[in-house]
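# Descriptive structure summary
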Amino acid sequence: MTAAPRPSVVPSTHHASSSAASHLPPAFPSRAPWGTANKLRAWQAEAIEQYRVANPRDFLAVATPGAGKTTFALRIATELLEARVVRRVTVVAPTEHLKRQWADAAARVGITLDPNFSNAQGRHGHGFDGVAVTYAQVASKPALHAARTAAAPTLVILDEVHHGGDALSWGDAVREAFEGATRRLALTGTPFRSDTAAIPFVRYDRGGDGIRRSVADYVYGYGDALRDHVVRPVIFLSYSGSMRWRTKAGDEMSARLGEPLTKDITAQAWRTALDPNGEWIPSVLAAADRRLTEVRRTVPDAGAMVIATDQTDARAYAGHLARLTGTSPTVVLSDDDGASDRIDEFSAGTSRWMVAVRMVSEGVDVPRLAVGVYATSTATPLFFAQAVGRFVRARRRGETASVFLPSVPQLLALANTLELERDHALDRPKTAEEMGEGFNPEDALLAAANSERNGPDELGPDGKQGSFEALEAQASFDRVLFDGGEFGTGAEMGSDEELDFLGLPGLLDADQVSVLLRQRQADQLSGRKRAPVEEVPPMDHRRQAELRKELSQLVGAWARKSGQPHGSVHNELRRRCGGPEVALADPDQLTARVAMVRGWFVGKK
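Okay, so let's go over this structure.

How each quantity is defined
Residues numbered from 1 in each chain as written. Predicted model: local features only at pLDDT ≥ 70, side-chain atom pairs only at ≥ 80, totals over all residues. Heavy atoms only, no water. Axes fitted to C-alpha atoms, helices over the stretch in contact; angles between N-to-C directions. Helix = DSSP H or I, 4+ residues; strand = E, 2+ residues; numbered from the N terminus. Parallel < 35°, antiparallel > 145°, perpendicular 65-115°, else oblique. Left-handed = near helix turned anticlockwise from the far one by under 90°. Contact = heavy atoms within 4.5 Å. Nonpolar A, V, L, I, M, F, W, Y, C, P; charged D, E, K, R; others polar. Buried < 20%, exposed > 50% of the residue type's maximum accessible area, 1.4 Å probe, protein only. Pairing = 2+ DSSP bridges. Arc of directions from axis to C-beta.

## Considering the packing of helix H2 (residues 69-82) against helix H3 (residues 96-107)
Between H2 and H3, the shortest axis-to-axis distance is 11 Å and the interhelical angle comes to 55°. As the angle between them shows, H2 and H3 are arranged oblique. Where H2 crosses over H3, the handedness of that crossing is right-handed. Residue-level inspection shows Thr-70, Ala-73 and Leu-74 of H2 in contact with H3, the latter providing Trp-102, Ala-105 and Ala-106. Looking at side-chain class alone, the contact of H2 with H3 contains five nonpolar, one polar and no charged residues.

Below, the structure is given as structure tokens:
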């Protein structure tokens, strides 16, 4: 995001990184309530000073998720109310849950916001300084909110302002509702969109290439926050594996996730990996739970969250976690009051797991979340940044975040460029999809997330590829991505090589993470070089492939005969014959599994 030129009266003209503000050391409250740190961080103090000097009507602050945008905004609101520049405050947020979070945070600094205000009321309750509403609420009755704004000098805080462009009608409604506001303060951690819809009250400057790009008044990026220890370093653990599925035409296909594939095959292999009935999801959840156990040795209340594609998958993943841990996880399937209560309870507690669908993941602000599983087929930069932002909020030095990913090129590329600052660009060439009438990339995602499936999934966001049947999904450890580097050389599930990375200490500074990752990789490469060739038994890859194909066919046939899901059949075979770490590599184990399923057909189960 491009930063606007500073006013000449501001003494400091350096970039908005607090690392350069030596006179303002980053404050690091250990457990400050959400949005109410007692001491300002350096970037917050600098941004507030810039706001005071500029005294603007519109101000756009871009700060990475977890950096403390709420504290910054509420301090400005407090000062404007005390100076009687404004008499009311309106907060516009993306979700119902965030409305409540804003109201709670504001109350702790003496500002009373009504999060239960409805359009039918027309005015907020007696004794409130203002309201907290959603963008959808504003879009449904913009004239009402315009009248409220004009009735008294009002500060409008547009939280995650990029949502103001979610639909053309929304952007128009936000402009209509708040054009008459005395002050507008726009906040975002992801100042870019998947489309070219203009974000209301954001300034765009045309560059040398003719493309208009958004301009922020203050920028505090993830790289800045990481250097100041304000956010956690993120370790990405990617998992590949062999996938097999049946197409709509009845053709059986197979591929290995993470290898060079066409876009269509990648999408199908990815969807197969996320199928709840395969082995990929249970295996990766088990690895993430093991990582969570390691983190909780030094961060006892650390929690984890799975981000699922839709409600059907979320419930199935929750079932896997319940069987894995012996405790049912917190499940959040919609953006409503009941969901807010469950999120608040999880945030205040010490339980291990939460499962959420992607439509509510942006509204989940739980500082103790330290481990994530990205189990959704969404790969837009906007959503990825918001999802990862759920895990980066630091509470004390040394906390790290671990996010588990499928080995999909789009996701790995986004993970490798986490620190890259982006601008929201208008006028760029539109894709074929965007040329369609009424196209909005967020609409389809929200609709899918809020849906429940009764039949096979549709492949791809456009739904043009038809239904498919996931047949088999095996997982294997691929690599670790951190700070633009890649570590690890691939390993079977449960192997010592995988455990080297899952067992990284839970409290590490970013520099310590880099050192340990390099050490782990060096140890693995050294160990491979020292291993005598004769100790590695020769592998007949043709025989192995034949056995795997035969086993898959037998499991599919038994699943149809018995009515058991494929995953349940494989789990039973693992229990009787060995774990998943040997199934793909050991012909003897494959032979044993084949023989066992054959025996089931003749009554030997």
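## Considering the pairing of strand E7 (residues 183-188)
Summarising burial for E7: six of the six residues are buried, a large majority. Neither face of E7 is left uncovered, since the one carrying Arg-183, Leu-185 and Leu-187 and the one carrying Arg-184, Ala-186 and Thr-188 both have all their residues buried. In the sheet, strand E2 (residues 58-63) pairs with E7 via five bridges, with the strands oriented parallel. The residue bridging Leu-60 from the neighbouring strand is Ala-186, located in E7. In terms of strand pairing, strand E6 (residues 154-158) meets E7 through four bridges, oriented parallel. Among the inter-strand pairings, Ile-157 is bridged to a residue of E7, identified as Leu-185.

## Focus on helix H5 (residues 142-151)
Think of an α-helix as turning once every 3.6 residues; residues three or four places apart then point the same way. If you check which residues of H5 are buried, you get Pro-142, Leu-144, His-145, Arg-148 and Thr-149. For H5, the buried positions fall inside an angular range of 160° around the axis, keeping them on one side. Facing away from the buried side of H5 by more than 90 degrees, the exposed set consists of Ala-150 and Ala-151.

## Some remarks on the environment of Thr-350
Position of Thr-350 among the secondary structure elements: in the loop between helix H11 (337-348) and strand E15 (353-357). On the basis of relative accessibility, which here comes to 52%, the residue Thr-350 falls in the exposed class. Those residues in contact with Thr-350 that lie beyond four places of it in its chain are Arg-296, Asp-301 and Arg-368.

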